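Spelled out, the chains give:
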Amino acid sequence: MANVLRNSAKFGFSGVLSQLSIHSRHGRECVSPCFSLQQRNNSTSPKIKVDLDNSTGVAVLRMQSPPVNSLSLDFLTEFCINLEKLEMDKSCRGLIITSVSTHTHTHTDTDTVTQSHKTMIHTITPPVCVVSQTLSKVSSTGLDIITLPVCVCVCVCLVSQTLSKVFSAGLDIMEMYGKSPERCGEFWKAVQEMWLKLYGSNMATIAAINGSSPAGGCLMSIGCDYRIMADNPRYSIGLNETQLGIVAPFWFKDTLVNTVGNRAAELSLELGLLYSAPDALKIGLVDQLVPEDQVLSTAQDTMSKWLAVPDHARQITKSMMRKQTIDKLLSNREADITNFVSFITKDSIQRSLRMYLEMLKSRKA
Ligand SMILES: CCCCCCCCC/C=C/C(=O)SCCNC(=O)CCNC(=O)[C@H](O)C(C)(C)COP(=O)(O)OP(=O)(O)OC[C@H]1O[C@@H](n2cnc3c(N)ncnc32)[C@H](O)[C@@H]1OP(=O)(O)O
């Protein structure tokens, strides 16, 4: 039965995997040679960094996509790929999701990949401004690839950019504004996939919420098993879609109802409420508040309690609690995409999004 949840969540993931030349045999997904080469403790991709501690079986996934970790199609694709890799890795039992914790983030890492991954590597987000001694030239994208005789490339990724104090600003509004119906459909499928994989994960999952977490950021948080939030008056969390003139779809709503109950979800969704950390704790939207510098360590301590429960018992119980909600989307997936596309491409909705974007910019000025 533990496999039921895992299998449901994997449904439809072939679209994401196929972008990485994953071959399918007898309907089962297989990992490409390039992919298995990366199956090691730490991997760095442009917008997400994953560290798996083999001694604890706990992976920390850090979102590092400036300025606000918004969930673009690229981000969601990377997120799903990372989740899939961890899910397939038997040594990984727990996952902590957080945002890089400093205002200015500078990161250096090296990674080995096969040549066929060159295109993926080229998508690493600029700007990059650090010169590595091992590379004679750093391109304008900040990335250089040296082809070694054995057809293995060395990739150096250096990121130095400001990331706001956000966990995630939710779905990338630019993905929903002025885009073709086809592109909107592709985007929405990736949003669905992110939620299916996370909500249905066999791993114990904890959101270490070290910044604001509106809308899709909140969805990601409530997709986890447990939420720890920084007790900082500047941070808020909630499904604020109605404030943008848009509507949280049924599976956002279902996840919220499963977390805080029907009445709190009703108020929360209709008013598009963003809760302060203490208010979020009060309604059960988050489980625990801690000082900001203790969010990750508390998540790690808490994870050890979750992992003290035998995996199979925890996974079957999780499946029992969540399967119905997951199946509801799985059996309405295409209709949900059609619904989203026709809703989001309406002139009136596009106008609402434009006004909201202008508001965000004017607030800054
Ligand atoms: C029937 C059913 C059918 C289906 C119906 C459809 C269902 C859709 C469901 C939608 C779900 C969502 O997640 S919708 C997304 C909702 N998200 C939000 O409302 C968050 C909006 N953002 C914020 O509140 C703030 O940016 C916050 C995250 C707190 C950080 O504040 P800061 O002051 O630190 O940073 P800012 O200066 O505001 O932002 C920095 C830059 O990032 C941009 N930015 C901020 N949030 C962004 C975002 N989500 N997408 C893109 N860009 C964003 C800003 O415009 C700025 O751009 P520059 O000025 O160029 O630098």
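Residues numbered from 1 in each chain as written. Predicted model: local features only at pLDDT ≥ 70, side-chain atom pairs only at ≥ 80, totals over all residues. Heavy atoms only, no water.

Our working definition: UniProt positions are given in the numbering used here, feature names are shortened, and annotations may be inferred rather than shown by experiment.
The name given to the protein in an unreviewed UniProt entry is Enoyl-CoA delta isomerase 1, mitochondrial, with Oncorhynchus mykiss as the source organism. Looking at the Sequence similarities (unreviewed entry) heading of the UniProt record, one finds this comment for the protein: "Belongs to the enoyl-CoA hydratase/isomerase family." What UniProt records for the protein under Pathway (unreviewed entry) is the sentence "Lipid metabolism; fatty acid beta-oxidation."

Focus on the site of the ligand
Note the threshold: Near, as used in this document, describes a residue that has one of its heavy atoms within 4 Å of the molecule or strand being considered. Pairs of N or O atoms within 3.5 Å make up the polar contacts considered here, provided that, within protein, one atom can donate a hydrogen while the other can accept it, and that residues adjacent in sequence are counted only when both atoms are side-chain atoms. Using a 1.4 Å probe, accessible areas were evaluated by the Shrake-Rupley method; residue-level cover was limited to the displayed protein chains. Of the grid points, spaced at 1 Å and generated over the protein atoms alone, those admitting a 1.4 Å probe that cannot get out make up cavities, while open sets with protein on both sides within 12 Å along at least five of seven lines make up pockets; any residue with an atom within 4 Å of a point is treated as lining. Being in a pocket or cavity means that more than half of the molecule's atoms lie within 2 Å of its grid points. The helix count covers DSSP runs of H or I at least four residues long, the strand count covers runs of E at least two residues long, and both are numbered beginning at the N terminus.
The environment of the ligand is made up of 29 residues, and the closest members are Leu-171, Gly-216, Tyr-356, Lys-361 and Lys-364. Ala-169 is positioned with one of its backbone polar atoms (N or O) 2.8 Å from a nitrogen atom of the ligand. At 2.5 Å, a side-chain N or O of Tyr-356 approaches an oxygen atom of the ligand. Summarising the interface, the protein chains cover 80% of the accessible area of the ligand, which totals 1,200 Å² for the free molecule. Judged by its atoms lying within 2 Å of the grid points, the ligand is housed in the largest pocket. Residue assignment for the shell around the ligand shows that the elements contributing at least two residues are α13 (333-344) and α14 (347-364). The element contributing the most residues to the shell around the ligand is α14, with 5 residues.

Some remarks on the nonpolar core
Basically, it comes down to this: For our purposes a nonpolar core is just a set of buried Ala, Val, Leu, Ile, Met, Phe, Trp, Tyr and Cys residues, chained together by side-chain atoms within 4.5 Å. Between buried and exposed lies partly exposed: a residue is buried under 20% and exposed over 50% of the maximum accessible area for its type, with that area taken using a 1.4 Å probe on protein chains only. Residues count as neighbours in contact if any of their non-hydrogen atoms are within 4.5 Å of one another.
Counting residues in each nonpolar core, the largest one holds 83 residues, and the members touching the most others are Leu-61, Phe-79, Ile-97, Met-220 and Leu-285. Among the elements that make up this core, the one with the highest residue count is helix α6 (residues 181-199) (10 residues). Among residues more than four places away in sequence, those in contact with Phe-79 are Ile-48, Leu-61, Ile-97, Met-194, Leu-198 and Met-220.

Describing the pattern of salt bridges
Test applied: The term salt bridge refers to a side-chain nitrogen of Lys or Arg lying within 4 Å of a carboxyl oxygen of Asp or Glu.
For the coordinates displayed, the defined rule picks out 17 salt bridges. Of the charged contacts, one joins Lys-49 and Asp-51 as a salt bridge, the two residues approaching to 3.0 Å between their closest N and O atoms. Overlapping salt bridges, with partners in common, bring together Lys-49, Asp-51 and Arg-62 in one network.

A closer look at unusual backbone geometry
Cis peptide bonds are those with omega within 30 degrees of zero, and the linkage from Pro-66 to Pro-67 qualifies with 5°. Relative to the assigned elements, Pro-67 resides in the loop between β5 (58-63) and α4 (73-88). In this structure, Asn-69 is a non-glycine residue whose phi angle is positive, near 50°. Take Asn-69: it is sitting in the loop between β5 and α4. Its relative accessible area of 0% is what places Asn-69 among the buried residues. Here Ala-215, not a glycine, exhibits a phi torsion of approximately 45°, which is positive. On the secondary structure map, Ala-215 appears in the loop between β11 (213-214) and α7 (216-222). Among the residues examined, Ala-215 registers a relative accessible area of 14% and is labelled buried.

Describing the sheet that holds strand β13 (residues 236-238)
To be explicit about the condition: Strands were regarded as paired on the criterion that DSSP finds at least two bridges between them.
Strand order in the open sheet made by the 3 strands is β11-β13-β14, with mixed pairing throughout. Single-partner strands in this sheet number two, and they are β11 and β14 (275-276).

What to know about the packing of α6 against helix α8 (residues 250-260)
Going by this rule: Lines fitted to the C-alpha atoms define the axes, with helices restricted to the stretch that makes contact. Angles between their N-to-C directions range from 0 to 180 degrees. Orientation is classified from the angle alone, with under 35 degrees giving roughly parallel, over 145 giving roughly antiparallel, 65 to 115 giving roughly perpendicular, and any other angle giving oblique. The hand of a helix crossing depends on one turn: near helix anticlockwise from the far one by less than a right angle means left-handed, and clockwise means right-handed. Throughout this entry, Asp, Glu, Lys and Arg are counted as charged residues, while Ala, Val, Leu, Ile, Met, Phe, Trp, Tyr, Cys and Pro are counted as nonpolar. The remaining residues, Gly among them, count as polar.
For the pair α6 and α8, interaxial distance at closest approach is 12 Å and the crossing angle is 25°. By the angle class used here, α6 and α8 are roughly parallel. Where α6 crosses over α8, the two elements pack in a sense that is left-handed. Here α6 contributes Trp-188, Val-191, Gln-192, Trp-195 and Tyr-199 to the contact with α8, which in turn contributes Trp-251, Phe-252, Thr-255 and Asn-258. Of the residues belonging to the contact of α6 with α8, the class tally is 6 nonpolar, 3 polar and no charged.

Focus: the environment of Met-63
Its location among the elements puts Met-63 in strand β5. For the pair Met-63 and Arg-322, spaced 259 residues apart in sequence, the C-alpha to C-alpha distance is 25 Å.

Thoughts on the environment of Lys-361
Mapped onto the secondary structure, Lys-361 falls in helix α14. Placed 22 residues apart in sequence, Lys-361 and Asn-339 show a C-alpha to C-alpha distance of 29 Å.

Remarks on the pairing of β5
Summarising burial for β5: 5 of the 6 residues are buried, a large majority. As judged from the 6 bridges shared by strand β4 (residues 48-53) and β5, these two strands associate in the antiparallel manner. Within β5, the position partnered with Leu-52 by the bridge is Ala-59. As paired elements, β5 and strand β6 (residues 94-99) share 6 bridges and run parallel to each other. Bridging across to β6, Val-58 finds its partner in Gly-94.

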